[in-house]
Amino acid sequence: MNKLVPYPVIDVPKTGARIKFLIAQSGLTVKEVKEFFGFEEPAAIYRWQRGMVLPTVDHLLALSRLLGVTMEDILVVKEPGKGSG
């Protein structure tokens, strides 16, 4: 019988920092990312980068394709046994 793995929990602030890093590393600007998504304003992207909210699954998939990485490359999972904040 397989042992259960710890339930994965996404570290939202660290994921935001990863999104910011990956966008910068790709050479894209927030304005270019905003235009890719068809957003009127860049506020959603800034909220992602600040770790305030996560992108929806659809946006996460699109972001991964834009940046040339997998969705799991974007997400940061909390270490097992670490506190929530």
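Residues numbered from 1 in each chain as written. Predicted model: local features only at pLDDT ≥ 70, side-chain atom pairs only at ≥ 80, totals over all residues. Heavy atoms only, no water.

Focus: helix H4 (residues 57-67)
Part 1 of the reasoning: Among all positions of H4, only Leu-60, Leu-63, Ser-64 and Leu-67 are buried. Buried residues of H4, viewed axially, fall in a sector of 100°; they line one side. Turned more than 90 degrees from where H4 packs its buried face, Asp-58 and Arg-65 sit exposed.
Part 2 of the reasoning: Elements in contact with the buried residues of H4: helix H1 (12-26), helix H2 (30-37), helix H3 (43-49) and helix H5 (71-74).
Part 3 of the reasoning: Positive backbone phi, at 75°, marks Gly-68, one or two positions downstream of H4. (Buried < 20%, exposed > 50% of the residue type's maximum accessible area, 1.4 Å probe, protein only. Helix = DSSP H or I, 4+ residues; strand = E, 2+ residues; numbered from the N terminus. Arc of directions from axis to C-beta. Contact = heavy atoms within 4.5 Å.)

Quick word on the packing of aromatic side chains
Part 1 of the reasoning: The tally for this structure, following the rule as stated, stands at four aromatic pairs.
Part 2 of the reasoning: An angle of 15° between the planes, with centres 5.2 Å apart, marks the rings of Phe-37 and Phe-39 as stacked.
Part 3 of the reasoning: An angle of 75° between the planes, with centres 6.1 Å apart, marks the rings of Phe-39 and Trp-48 as edge-to-face.
Part 4 of the reasoning: Among the aromatic residues, those joined into a ring-pair cluster are Phe-36, Phe-37, Phe-39 and Trp-48. (Phe/Tyr/Trp six-rings, centres within 6.5 Å; stacked < 30°, edge-to-face > 60°.)

Distances and angles like these do not, on their own, reveal function.
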